[in-house]
Structure formats: structure tokens, C-alpha cells
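Below, each chain spelled out in residue letters.
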Amino acid sequence: MKTSTRRNFLKKIAITAASAVAVPGLVKASENLGTAEAESAEAFPGPGGLIVPKGNGLQISGTFLDEISHDIPHQNWGEKEWDADFRYMKAVGIDTVILIRSGYRKFITYPSPHLLGQGCYMPSVDLVDMYLRLAQKYGMKFYFGLYDSGRYWDTGDMSSEVEHNKYVIDEVWRMYGEKYRSFGGWYLSGEISRSTKGAIGAFRAMGNQCKAVSGGLPTFISPWIDGKKAVMASGSQLTKEQAVSVEQHEKEWSEIFDGIHDVVDACAFQDGHIDYDELDAFFSVNKKMADKYGMQCWTNAESFDRDMPIKFLPIKFDKLRMKLEAAKRAGYDKAITFEFSHFMSPQSAYLQAGHLYDRYKEYFNIR
Amino acid sequence: MKTSTRRNFLKKIAITAASAVAVPGLVKASENLGTAEAESAEAFPGPGGLIVPKGNGLQISGTFLDEISHDIPHQNWGEKEWDADFRYMKAVGIDTVILIRSGYRKFITYPSPHLLGQGCYMPSVDLVDMYLRLAQKYGMKFYFGLYDSGRYWDTGDMSSEVEHNKYVIDEVWRMYGEKYRSFGGWYLSGEISRSTKGAIGAFRAMGNQCKAVSGGLPTFISPWIDGKKAVMASGSQLTKEQAVSVEQHEKEWSEIFDGIHDVVDACAFQDGHIDYDELDAFFSVNKKMADKYGMQCWTNAESFDRDMPIKFLPIKFDKLRMKLEAAKRAGYDKAITFEFSHFMSPQSAYLQAGHLYDRYKEYFNIR
Amino acid sequence: MKTSTRRNFLKKIAITAASAVAVPGLVKASENLGTAEAESAEAFPGPGGLIVPKGNGLQISGTFLDEISHDIPHQNWGEKEWDADFRYMKAVGIDTVILIRSGYRKFITYPSPHLLGQGCYMPSVDLVDMYLRLAQKYGMKFYFGLYDSGRYWDTGDMSSEVEHNKYVIDEVWRMYGEKYRSFGGWYLSGEISRSTKGAIGAFRAMGNQCKAVSGGLPTFISPWIDGKKAVMASGSQLTKEQAVSVEQHEKEWSEIFDGIHDVVDACAFQDGHIDYDELDAFFSVNKKMADKYGMQCWTNAESFDRDMPIKFLPIKFDKLRMKLEAAKRAGYDKAITFEFSHFMSPQSAYLQAGHLYDRYKEYFNIR
């Protein structure tokens, strides 16, 4: 079989796959090698290279910074390592870094007068200050993630979060917002799903205050879709039976968007709780809702693998690719990831991450 | 204590251990330092070196390639890393590589017209083509692992596997078998245990077809022994109560071997589900059955550790050594491993693997 | 905000935090940035550096050697790697190495005539000999950890441990004790908690024998506190409901100390089963009991993280720091860790460990 024959063969496959759209119960052809891809098949590399079109996904331009960590073990990096990591991020087009949360229960990221007064532990490094400096150095925007008292996880009630963050938002803006031009926005860190009690009121209150103190800086949320993989990280299950339907998801989130759209600028649903052949269905609904309420539609492209018994290591590249391609097809505005430093960084303690970085650069033609 | 004294001491220990064979309820002396070992004790290295005879196990000459992975996180290697890995394999005597499965549910390893038409996802790289090229480059034989639809795992019924693989076997032979002389055989990837319904019929059908299209290339299976460690990878348990007895194992597998021996050339039982002091009992029965039915008796020497809460990281060298020594004692024909690239490779993301590689080379006197 | 302003601000925070002591239900100020710290705040580094006083914890001077491992995957190191690791330990002030256990069920660390006779497996390397030589080379003391038959874990009864160790203690002293001046003591490896049946008698018997054969070399134990994180490593839970109170802990352990203090020289409670804001309460009671019974009060500062779904990876530096600071505040005599080679070593397979090593050196001003 010569290479040219092989190319024709691949084109034929692409067309076969495209026709799969008519078969009931199967994924849409867009999941496979669709018509557009078939047309550019001639450009595919020969043996050993990629057999899908390159750069066909939404490129990641933002990442969470996973401090304080909830369920991902710490890497124990100092400023030297963080500086190098920002450089690695920049090299692949990341212009936005988002502190996942400024504190979780008693562990905090900066010497907060309010939270120390509440019994939180003094951190040895002021991470907020460090991240803001590094963001400034590398020309990025830093989003501050609000404090998470843990009470919401225990009780399902967000009122404690609103109460604490009243102080946190004020003091953080005073301590850092006026000092660093890299302070670019706020992340309302409550990771809610569809049925969280009082979420609308809580997001309204916190979003309002963030904007008020900061002259209207942008805010966003990153909830999860209550799909089949929405299970506890500490449990041994990988999937559950009762997943939300697309219709139910649209109904419930339309209500939430309706309630928050004037104080929340973007919604970045986590993309890892649904199956790969459900991406298009959920993503198109998300985009439709965001458009309707004038919000930006982001994707939180998880770069860790939810399908493995070790919770969690870096994702297989093709899974990340498929999610970014679905985001592009749906016309999403921005892709961020949870998160670069453990799961995509060449200096991650998980060496699979560095190889993911290489595969990612290859696919997006980044040198 | 001088070194010579120490050697005599070790010889004495060996003899003591050998006599342990008479103590009821204890492992056979062959598990410890038996008579043969005692005789060669003089050759043991001094302090710091090995105190067991070197090279006394069956050397591994084959490895699975764990793509598509079921429960081991991906390393995200490109062709450069795979090429290096084949070189590392070759250096320790591996002449056979076995694709663990060509697809698992919707993830596949090559652009299969049949499977893409069924809604499977287009892979970004043609791994089958790459592995065949690398096998050819390094003078190895490549075994193709059949497609696993996942239905068998969900329902216990293998009919769906037979149905899909009808197409897969044909198209794979057409796409690659005629092109690469490294295409050396077939791995019937259904990981059954003793009581799988319809396994004999399924293996007969698939084995028959593999041989028919390929001019009789060899086929093998790699089932598990339903021992105390046969538990779910995603669960938190390490062992279970109801393990199979040697007698029951022999009875049930004799029936299976009787039904498949004319179309399956070898059986490589996974060696990790039984305890270390059960190895000899099960291995000798396996060899007896294989001999009776004219099949080759291989061992699938698992190079990951089933005894640890993290599922799974590389195995402790002595555990691997004991299993390979048991395989040699039982007169097995070949040892393969699941699998080299995560658990034994110097470039594995699990750095314990590279040290296992060093210990392994030391033991087998490989430079 | 200029740096000097920032420093004043931090001092103000410190004072605020110190006043938190009066608020009911909150942690003691000593957990945060107390008065003493506020006074030295002027010495804190500028942006990017530590914002807590350096070297304010008890420095680790001992580590367990985790062979035979119970639940931490093996690194497959040879003598070359162990030699390097002892050098890394020495560089941060470790003068004591403790074999966690000389055997666990059938896996053993040295060619024990007694245990081989009981059906244990012959190890490929005499680890006890190697560790003693390396300890001697680096001027450290080696503590020998007794054999653990596993029966205690299965039945809660320690009589089997006493029985086996009768032989083990004798033969080990004969094989190594008389040969190596680095043989510095004994670790009674039974990891009991408060209600272990027959623990006092067992510890008395074993402690007595250890001292008798070795001319009174020191002995110690390292039990756990039955706190909220005292859960099974193989399970998926991270915490439990029924944790022991400080009062109950004091009552039960006073009885145990009363029974063993003449044959056990030190007690190193594991520090990872209680919460960070419970450290002072438990530590002060431990010190009081140790003082009362004339025992040394050590801490077993766990360097792995009990709060994460992966069991176990290296701990976040600040958590380790807080535990060592609590030990110093309580006036503890010595800090050992479980354990250096996986969780703090620059050559650990877990790369987070090397960064923990760097953070640790930074904090203790070790170059």
C-alpha cells in the first residue's frame, strides 16, 4: 500500500464515517471524521503522524491554579517553579490564570485578616501576591477565586460562603486589586450543580460585590453538569446511574442563568462529567442559553482523566482533543482548563503531563 | 563475621529453609531457597549483592502494549517515545509485542471503517500501523488484540465481541497483515475467567477466523485465575473471600481447553490473582492441561503490584522474580508481561519502573 | 503599597490573629501567627518569600525505612540509590534510620533462619545488612523494626507477634548486632491504638527481650491516635465519625505508658490522624504523659498527605510545617518521619517529594 493509496483510503473512511449520521443510536458524524475533515485529508501527514486535521479544536487560553487544593496532591513548588510554569503556559497561548479558591476550610492562600481571625491557618507564602506578580510579568490576567468554607459541601447551603466572602472580597481588593494591574476578574468558586439551594441568590450577592468594589471587573462560574461521571473523588465509583438529561439540564440552568446573568459574565461548565458522545448535545444547549442571556460561553476542559481508578492523573490526549473540538463546533468563546500545572505542564510531577504538553503543541502547531 | 563465614551461614539457612517442606501448612521449600540454590550459594555476591541465585526465572520475551487502556492512565507518548521504548524492550530480550485490544467501547487504535461506522471515535494516530512499523524495525513479532465492545463486561455475553470482530479481523488483515511481515499473530482479547458463558464458542469462532484469513498465524488468550485478588480495579478491596480451588480451576479449564485447543495455540494465564505460595500449585496444573491439549503454556507475568492501595504502580522486583521463578520451575514455554511501558520501562511516568528495569537486568545479567 | 507598609500590615495581621485566641470555638492563636511571630515579622522576606518565621518547628532527625512495605508501592532501589538517599537524609540532619518492620506476613528483609523455616520468602537482598552498613558509613543509628506476622491485623491479638519475635530478636542480634556499631536500638513495630488487646503484655515481653540481648539498647513504639482520619488505607473514606477525645486518649494511654515505661524508652505517636487544630491539645497531653512516666516524647511526623484521594503522595509543605511547629511548642524530644525515601527525597519516584525537600531546607535554612 503506497502512501497515496493510504490517503485515499483514509478519505474513504472519512466519508463512511460521515454517513454514520443516519444510523440510529449512534454518535453524530461530527464526533468522527466529518465531511470537512475528509476534504482536508490530503493534508494529513504520512505514516506515524496525525490522521486527524490539526488545530481543529478551541485552543486553551486559561488555566486554574490549584491552590488551595481540594483533591489533587500538592507539588510543593516554590516561586522558581511557578515562574517556569507561567512561562510554559504562556508558550501555549494561556493569557488567563484563575485561582481555584483563595481558601478551603482552614487552609488559605494569603494572609487574610478576616480568615485568620476566623481560625484559618497562616500560610507560609502569600500565593495571591506571587500569582499576581507572575501574571503581570507574563502579561496575563489573574482571576481571584473566592473563599470556600467547606460548609456548602457539608450542608448544601451557600449562605456561609456569602458571609465570609463579604470580607474577603473587600480586603483582597484593598490588598492587591489596587496594586496589580494583572488583577483581571473574579471567579465565584462555588462549584454548584443544578439543584443547589440558594445558588442564584448567593451568586448574585457575591457577583454584585465583586463588580462593585473593582469597577466592574468580569466574573465567572464553573459548575458541573450532573452527568454520569458526577461521582465523589474519594469514592471508588467511576459512574452513576441517574444522570441528568439534556432537557432537564437546559430547563434548570436557564432558570439559573436568568437569575445571575447581570452579575456573572461567563459560565465555564466542567466538561468531564458527561460522555464523549454527549458533548455536542450539551454544548449546543449551553451555547444557546449563554447567547440568550448575553453571557460568554466558556468550557472548562478538564485535563485529567475521570475514567481511571487513580483519581486523578493526566488525560489521554485524544480525549482532550475531542472535547476541544466539540467546544469549537459549538462556537464557544473561550477554553480554560483544570488545570495546567499538574496535568499539562512539562515540569509536573506526573510525567504524563509533559507528554500531553508535547501532543498538544503538535496538534496546534505550536513550536 | 567474615565474608566466608557469611557464605557458610547463608548455605546453612538454605538448607534449613529446604527442610521446611515437611512442616504442615507451610509453603513448599521451592518457594524459598531450595537445595539447588544452596549448592550454588558459593557463587552469591558478598555484602550488598543478591543473596539468591541469578537468572533462575523464566525471562520475559513479550509484552502487551496497553492501548486502548482500560484502567491504566495514558502516558501520551508520541512515536519518538514509542521508538525508544521498543529499543528498551529489545535490550532485555523482548521479541513479541501484543496490542492489548484494538479498541475498547468507542475508543479505537486504528481508523477502522467498521468501527467508525458503528460510532467509534476517530483516533488521532494509527497505532496499529505505528506498532507494526516499530516491530519490523526492531525485529519483533506483533500480535493484534481483537476489539472489545465492552458489552461482555456489562452482560457477561461474548456474542457482541464475535459479531464485531468478524469485520475487524477481515479489515485488519487487509489493511496491515498483507503489508507488514511483523504481523505475527492474534490475541483473542476477551479476558474471561472460568465461568464465562459462551466463551468456548466465541473463542472458537474468532480463533478460526483469525487463522483462516492469515494463513494460520498463531493465536493466544490471557485469562485470569479466579483467585483471592480477582477484584474490581475501581473498587477499594484488595482481596475477596471466595477464591477458586486448584481442583475446580483444573476441572473448569480442562473443559475450556478441550473446546478451543485446535484454534488457540497458547494460554497465558495472568499470574497476579493468586498468592505467591499458590503459584506452584496453579502453574503445575496449567502446564499439565496445556500439555494434554497440545497448547503452549505461557505466563502473563504482571509487572504491576496488586497489593497496594494505588491501583496500579510497578511491582516490587522480588514479587516479579518469584513469579518468573515459579514459571521456570513449572516448565512454562514463554513469559509475557502486562506491561513493559508503564511498569518496567526506564522512560515510564512511574519512576519505580525504571528501577525495576535495572533490578531485572541485574538479576538476568543483562548489560 | 511599599514593602515597609506591607511588613507593618503583616504585623497587624499577626496581632489580629493573636487576639483570635479569645474567640470561642476557634483554634488557638499559636496555630496562626502568634505574638512571638509578630515580633520577628520585621525579619520576614519581601514579596515571594516566606511570611512565617523560619525554622520555628522541630527539625526531623529520624526516618523510617519502608521495607517491607505494607501499603506504599516499592521504588525498586538498589544499593546505589539507597546510598544516595542516606546522603540526602544526612544533609538535612537525619541521624536515625528505623526499619519499619523486618518482615510482613511472608515477605522479609533479611535471610531469617526462623522466618524462612516458617514459610517466609527468601529476599533477594539482605536489606538489614545493607542498611546497617550505610548507617555506619553515614554515622547514623539504625533501629531494627520487629517482625509483623499480619495476625495482629487480622485478629487484634498480638500473641503471634511475641512468639515469632522471640526468635527474630535473638537471631538478629547474633547476625548483625554484634557486628555493626550502627545497630542503635529497637522499634517495637506493632502499630496499636488505644484498645489493642494484650498490647501492654506484648510490648513488655518484646521490649524486655530486646534490651536483654543488646545490653539495654533503646526501644520505642509509634502508635496512632484514634482520630478522625484513622481509616483504612485500602478504603475510599478519608475520615470517620467516631474519633477519640483528648480525655479518653489520655486516660487509655496513661494506662499503657504505666505498663510499658520501664522497657520502652520513647513513644512517637503518628501525627496524621487528627486535625491540624487538634495538634496542640493532643501533643501537650502526650508530652505530659511521657514526662510523668519518664519516657521520651517523639513525634512521627507523617510526610504523606492523608487528605487526598490518592493514598498516598507527599504532603503539602505547610501541613508538615504546622505539625513540626506544634511538636516544638509542646517541647517534644525528637521528630522522626514516615518516611523520607518516598515522600521527602529528591530521588523519590514522586517528584513532589523533591520539592518538599527544597521547601523544607528553605524553611530550616539548610544549604
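See the structure printed just above.
What you see is a predicted model, and the numbers here were worked out from it, not measured in a lab.

> Explain the overall build of chain A to me, please; I cannot follow it from the model alone.
Helix and strand content of chain A: 13 helices and ten strands. Across the 367 residues in chain A, those meeting the buried criterion constitute 66%. Residue pairs in contact within chain A that sit at least 24 positions apart in sequence constitute 77% of those at least 6 positions apart. Summing over all exposed atoms, chain A offers an accessible surface of approximately 12,500 Å²; the carbon and sulfur share of this is 51%.

> Would you mind going over the side chain of Arg 359 of chain C with me for this structure?
Here Arg 359 of chain C is to be found in helix α13 (residues 351–363). A distance of 2.7 Å separates a polar atom in the side chain of Arg 359 of chain C from the backbone oxygen of Asn 76 of chain A. When neighbours within four sequence positions are excluded, Arg 359 of chain C is seen to be in contact with Asn 76, Trp 77, Gly 78 and Glu 81 of chain A together with Phe 317 of chain C.

> Any chance you could explain the pattern of salt bridges here in plain terms?
Between side chains of opposite charge, a pair can form when the charged atoms approach closely. Across all of its chains, the model carries 78 salt bridges over all chains by this definition. The salt bridge involving Arg 133 of chain A is made with Glu 79 of chain A; its shortest N-O contact spans 2.7 Å. Here Arg 133 of chain A is found in helix α5 (residues 127–137), whereas its partner Glu 79 of chain A is found in helix α3 (residues 79–91), with 54 residues between them in sequence. On the accessibility criterion, Arg 133 of chain A (22% relative accessible area) is partly exposed. Residues Asp 262 of chain B and Arg 204 of chain B are paired through a salt bridge, measuring 2.8 Å at the closest nitrogen-oxygen approach. Separated by 58 residues along the polypeptide, Asp 262 of chain B in the loop between α9 (246–260) and β8 (266–270) and Arg 204 of chain B in helix α8 (residues 199–213) bring together distant segments of the chain.

> Mind showing me how you'd approach the interface of chain C and chain A here?
How large an interface is tends to be reported as the accessible area lost when its parts come together. In this assembly, 42 residues from chain C lie in contact with 45 residues from chain A. Carbon and sulfur atoms make up 63% of the area that chain C and chain A hide from each other, which totals about 3,600 Å². Between chain C and chain A we count three salt bridges in total. Linking chain C with chain A are eight residue pairs in polar contact (both at pLDDT 80 or more).

> Just checking my understanding: could you explain helix α5 (residues 127–137) of chain B for this structure?
Each α-helix winds once per 3.6 residues, and so residues spaced three or four apart point in a common direction. Residues and elements named next belong to chain B. With eight of eleven residues buried, α5 lies mostly within the body of the structure. Taken together, the buried positions of α5 are Leu 127, Val 128, Asp 129, Met 130, Tyr 131, Leu 132, Leu 134 and Ala 135. Just past α5, the residue Gly 139 takes up positive phi, approximately 65°.

> Got a minute to help me understand the relation of the copies chain C and chain A in this structure?
Both copies of the chain are related through a single rotation about an axis accompanied by a shift along the same axis. Rotating chain C by 120° about the axis while translating it 0.0 Å along that axis superimposes it on chain A, leaving an RMSD of 0.0 Å. Within this description, the copies of the chain are treated as partners about a three-fold rotation axis. The residues that chain C uses at the interface reappear at the interface of chain A in only 7% of cases, marking distinct surfaces.

> Just checking my understanding: could you explain the nonpolar core for this structure?
Phe 86 and Phe 144 of chain A, Phe 86 and Phe 144 of chain B together with Phe 86 and Phe 144 of chain C are the most contacted members of the largest nonpolar core, which has 299 residues in total. The residues touching Phe 86 of chain B, leaving out its near neighbours within four places in the chain, are Leu 65, Val 97, Tyr 131, Leu 134, Ala 135, Tyr 138 and Met 140 of chain B.

Calculation notes
Residues numbered from 1 in each chain as written. Chains lettered and ligands numbered in written order. Predicted model: local features only at pLDDT ≥ 70, side-chain atom pairs only at ≥ 80, totals over all residues. Heavy atoms only, no water. Helix = DSSP H or I, 4+ residues; strand = E, 2+ residues; numbered from the N terminus. Buried < 20%, exposed > 50% of the residue type's maximum accessible area, 1.4 Å probe, protein only. Contact = heavy atoms within 4.5 Å. Areas by Shrake-Rupley, 256 points an atom, 1.4 Å probe, with all protein chains shown as cover. Polar contact = N/O pair within 3.5 Å; in protein donor to acceptor, adjacent residues only side chain to side chain. Salt bridge = Lys/Arg side-chain N within 4 Å of Asp/Glu carboxyl O. Buried area = accessible area lost by both parts, 1.4 Å probe. Least-squares fit on C-alpha atoms with pLDDT ≥ 70 in both. Core = buried A, V, L, I, M, F, W, Y, C linked by side-chain atoms within 4.5 Å.

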